[in-house]
Amino acid sequence: MGPTRAQFVQYAPAALAVVPLVAGPWSALAAAAAGAGAWAVGASAPVLRSLIACGLTTTGCGIAAHEVLTSGMNPLIALGLAVPAGAAALAHHRNLAGHMPAAALTPATLATGAGTATGQTSQAQLITAWWREYISGPTQTEGRVLIQAGANLEHLGLEIDSDHVAFTGIITLPQGQQVRVKAADIASVYQVPVSQIELGDPKHHAPNALPVTVHLKVPAEQPQIAAGAPTTPEELWAAYVGVPEGAMPGTSLTLTRYDGPLDWEGIATRDRRAIGTVNLQDLAGNLDLETIQIALAPGDKPSQMGIRVMREHALMHGTMLSSVLDELSMDSRGYVRAGTYVDGRAALLPLAQPGSGARHLYLVGGSRSGKSGLLEQILLSAHRSGIAVILASPQAGTIAGASLSAYLGDGLDEAMGALRLAYAMMLDREARYRSPAFPFTDPLVLVVIDEAHMLLSASSPYHDEAKAIVEQLTRRSLKRGIGVVLATQTPLAEDLGNSTVIRSQLLIGGGAVFLRCAKGQGSLVGANAVEGAEGIDLSRIPSQWPGQYAKVADRDMSGLATEVAAAPEDGTFGLGYLLTPGSQAVQFRSLHLDVPPVSLAGGERPVGIEDCDAWRERDAVAQTRMVDKRGKNLIGSLADLLAAAEAAPSSQEPAAHHTSAGPHAVPGPARPGGAPAASDGQELIKPRILELLQEHSIPMTAETIARKLEIPATRVKPRLSELKKRGEITNENGLWRAA
């Protein structure tokens, strides 16, 4: 085999250095041949110029040597003329080391070597040339900045084996300077992974001298598989999942699609026996995967279960709310579109059951999980489906679609009033629907309770009353066309007032949506177990998709873009599990709100509630406590409730609802002559507020003041502002106190 092109460019000048001794003028021909060869191999301009200069020098020396020999002079003189030719060849080799084409400098080239040796091996020459070209200098190509000028590679050493090539050295700088060359810089120069670069610890070496080891070639990593160890999904399933102690004992896996160990689908089958509920966390442990990478798809046969393993999540790009407007209205079965399942099918929620009544919904989700967005979507679906809404929102101002509700309790006290009204509506309908043949012509009603833990937890001032009312609503309201949508931040029992009745009735009477929760608060096992959702830990749902942190790191300093809207890929909002009665929880994602849901209502008025006694007396009912001081003996009939509502204001102030001052007007006490002081009623609220704040040294919110005085907050808040203008009370961060 003849020399390679690169070898020809290197060896030709060495041959020219010897030609003057034997060839004489023939060296001119050799120089021309070397030049033509260099041109043919595509040498760079600096290499070509160096080779031509070497050839001219050698030609001149050859002609002079020929004349010396033919004239009979001392042959030693002719031999001495070979010295300039050799010097020219050496200069060419040095130029070649600095200007070898970059395409020729690859890890394979460094590993196998090329060229001749002049003091250093061919590998060492190339390593040094590359270091000087890109890292230290002095060689520098126009338009490229050196990584750290002067950071020379000293004490170069090579380690070469059949399957491993590495070099070691010390990055050296003048005294007083510090090495700034990074492992990533060296990896980019020698075109190897950063993991193959080893730099010494600066704490253990001088600042200007840092050892370095670069592995140019490493042995191919061979998978260490023990004899008989499972490798395919079917083998892994048989070894870890289908065994008696596995997540799905007695099952076998049949693959329906395989695109790699982290991207496949299959069907798990148990021979003529139901699979039952599956602990998703145990299944993920069996397959050595994250819980979020696995999705289950229950089928029609109880002996089969669909399995999907994902590398990139199928729901990452979401489904736009505006693209499924026609599916937001309730269909003939009582279902509305809530989102999309992991297999691409529409995820449906039941809001009603034809011929039976309404349905409940249990919604769990922590902060930034997408819970509020799903509630807005449910409010829009109710509006488009002709369902009236009673909204209880203890945390005021958090639901953007609140304007779609027929009755809004915004704030802690008002939310409790909304619960009282919902209970009164149930009693009213029970009184009117006693006959089974009663035509169900009244609208369906959804009682939406957001942040329900603020009313139900033991620390709530309304704990006893709210717990008693919600328990009765979840037990008795469905047949009366009233459903409960209850939302909390965690699935913990204390968020439901430690009531097993509320949770069981919600799950039996409808379905559940589980979104991401805070760490340590999302487990659906133990005391918080939910049938059909065993093994799910909601805190394991990631807040970001893979790669999001790198995306955020790419900063744009052009200013705040006020028109930019969040994309589905910006977070996992709405990602969770949907559980419907009698099925397994399935991974889904709620619709992405690319437009505000309330804007799709068309500006229509909210669906109204029928005209009945409970609705007509809603203001009095909302202010009437429905349990005794011990939290027991909930009022059980509409007549008793209306009587209590009528009597409650008289114990404090005479009742005069729906006066010209408005439905919440609270009149003052009667004048000595017996005529009510209607005009003074509002003014007499102020002394009572002032007396209350002076009596209690602790600051209070407007809702607390209204509750203690048993006056609607809508009447208290304006009086507080007037007292503040007089300088009699102060307000700091929403807390009022006497001046």
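Residues numbered from 1 in each chain as written. Predicted model: local features only at pLDDT ≥ 70, side-chain atom pairs only at ≥ 80, totals over all residues. Heavy atoms only, no water.

Engineer: Can you lay out the sheet that holds strand β4 (residues 209–217) for me, pointing to particular residues and giving the numbers?
Structural biologist: Read from one edge of the open sheet, 4 strands run β1-β2-β4-β3, paired in antiparallel fashion. For this open sheet the edge positions go to β1 (152–160) and β3 (197–199), each flanked by a neighbour on one side alone. Each strand of the sheet is rotated relative to its neighbour by a mean of 15 degrees, with strand direction disregarded. In this structure, strand β2 (residues 165–172) lies alongside β4, joined through 8 bridges in antiparallel fashion. Bridging from a neighbouring strand, glycine 169 pairs with valine 212 of β4. In the packing of helix α7 (residues 122–136) onto the sheet, contacts are made with β1, β2 and β4, and the angle to β1 comes to roughly 145 degrees. (Pairing = 2+ DSSP bridges. Helix = DSSP H or I, 4+ residues; strand = E, 2+ residues; numbered from the N terminus. Axes fitted to C-alpha atoms, helices over the stretch in contact; angles between N-to-C directions. Contact = heavy atoms within 4.5 Å.)

Engineer: Please provide a residue-by-residue account of the pairing of strand β5 (residues 251–258), values included.
Structural biologist: Sheet analysis places β5 next to strand β6 (residues 264–270), joined by 7 bridges and oriented antiparallel. When the bridges of β6 are listed, leucine 255 appears paired with glycine 266. Counting the residues between successive antiparallel strands, the hairpin from β5 to β6 contains 5 residues, one of them, glycine 260, with a positive phi of roughly 130 degrees.

Engineer: An account of the sheet that holds strand β7 (residues 294–298) is requested, with residue identities and associated values reported.
Structural biologist: An order of β5-β6-β8-β7 is seen for the 4 strands of this open sheet, with the pairing classed as antiparallel. The two strands at the open ends of the sheet, each matched to only one other strand, are β5 and β7. Sheet twist, expressed as the average angle between the axes of neighbouring strands with direction ignored, equals 25 degrees. Taken together, the 5 bridges between β7 and strand β8 (residues 304–309) define a ladder with antiparallel strand orientation. Bridging from a neighbouring strand, isoleucine 294 pairs with valine 309 of β8. Packing of helix α10 (residues 280–287) onto the sheet brings it into contact with β6 and β7, and relative to β7 it is tilted by some 125 degrees.

Engineer: Which residues make up the packing of helix α9 (residues 233–241) against α10, and what are the values?
Structural biologist: Contact geometry of α9 with α10 gives a least axis separation of 9 Å together with a crossing angle of 120 degrees. Between α9 and α10, the interaxial angle falls into the category oblique. Considering how the two elements wind past one another, α9 and α10 form a crossing that is right-handed. The segment α9 lies against α10, with Trp237, Tyr240 and Val241 engaging Leu283, Asn286 and Leu287. Its residues assigned to classes, the contact of α9 with α10 comprises 5 nonpolar, 1 polar and no charged. (Parallel < 35°, antiparallel > 145°, perpendicular 65-115°, else oblique. Left-handed = near helix turned anticlockwise from the far one by under 90°. Nonpolar A, V, L, I, M, F, W, Y, C, P; charged D, E, K, R; others polar.)

Engineer: I'd like a description of α10, backed by residues and values.
Structural biologist: Along α10, the residues that are buried comprise Leu280, Leu283, Ala284 and Leu287. Looking straight down α10, one finds its buried side chains confined to an arc of 100 degrees; they lie on one side. The inward-facing, buried residues of α10 contact α9, β6, β7 and β19 (575–579). Note on α10: the residue one or two positions beyond its end, aspartate 288, has a positive phi of about 60 degrees. (Buried < 20%, exposed > 50% of the residue type's maximum accessible area, 1.4 Å probe, protein only. Arc of directions from axis to C-beta.)

Engineer: Residue-level account of the packing of helix α14 (residues 463–476) against helix α15 (residues 500–508), with values.
Structural biologist: Each pair of packed helices gets described by two things: the angle between the helix axes and the distance between those axes. Between α14 and α15, the shortest axis-to-axis distance is 9 Å and the interhelical angle comes to 25 degrees. Judged by the inter-axis angle, α14 sits roughly parallel to α15. For the pair α14 and α15, the sense of crossing is left-handed. Where α14 approaches α15, its residues Lys467, Val470, Glu471, Thr474 and Arg475 are matched on the opposing element by Val501, Ile502, Gln505 and Leu506. Residues of the contact of α14 with α15, tallied by class, amount to 4 nonpolar, 2 polar and 3 charged.

Engineer: Give a description of the pattern of salt bridges that names residues and reports values.
Structural biologist: Using the criterion set out here, one finds 24 salt bridges in the structure. The shortest N-O distance in the salt bridge between aspartate 442 and arginine 432 comes to 3.0 Å. One end of the pair, aspartate 442, is in the loop between α12 (412–432) and β16 (445–449); the other, arginine 432, is in helix α12, with 10 residues separating them in the sequence. Accessibility expressed as a relative area gives 13% for aspartate 442, which makes it buried. The salt bridge involving glutamate 610 is made with arginine 432; its shortest N-O contact spans 2.8 Å. A residue pair is termed long-range when its members are at least 10 positions apart, and glutamate 610 in the loop between β20 (586–590) and α17 (613–616) and arginine 432 in helix α12 qualify at 178 residues. For glutamate 610, a relative accessible area of 9% corresponds to the buried category. (Salt bridge = Lys/Arg side-chain N within 4 Å of Asp/Glu carboxyl O.)

Engineer: Describe the side chain of histidine 463, naming the residues involved and giving the relevant values.
Structural biologist: Looking at where histidine 463 falls in the secondary structure, it is placed in helix α14. Overall, the relative accessible area of 15% leaves histidine 463 in the buried class. Here the side chain of histidine 463 touches serine 457 through a polar contact of 3.3 Å, landing on its backbone oxygen. With near-sequence residues (within four places) excluded, histidine 463 lies in contact with Leu455, Leu456, Ser457, Ala458 and Gly497. (Polar contact = N/O pair within 3.5 Å; in protein donor to acceptor, adjacent residues only side chain to side chain.)

Engineer: Any chance you could break down the environment of alanine 297 for me, citing the residues and the numbers?
Structural biologist: Position of alanine 297 among the secondary structure elements: in strand β7. Expressed as a C-alpha distance, the spacing of alanine 297 and aspartate 343, which sit 46 residues apart in the sequence, is 7.9 Å. For alanine 297, the contacting residues outside a window of four places in its chain are Met305 and Gly306.

Engineer: Would you mind going over α14 in detail, with residue names and values included?
Structural biologist: Taking 1.5 Å of rise per residue, 14 residues should cover 20 Å, and α14 covers 20 Å from first to last C-alpha, within 8% of that figure. α14 sits mainly inside the fold: 10 of its 14 residues count as buried. Buried residues of α14: His463, Glu465, Ala466, Ala468, Ile469, Val470, Glu471, Gln472, Leu473 and Thr474, and no others. (Expected span 1.5 Å × (residues − 1).)

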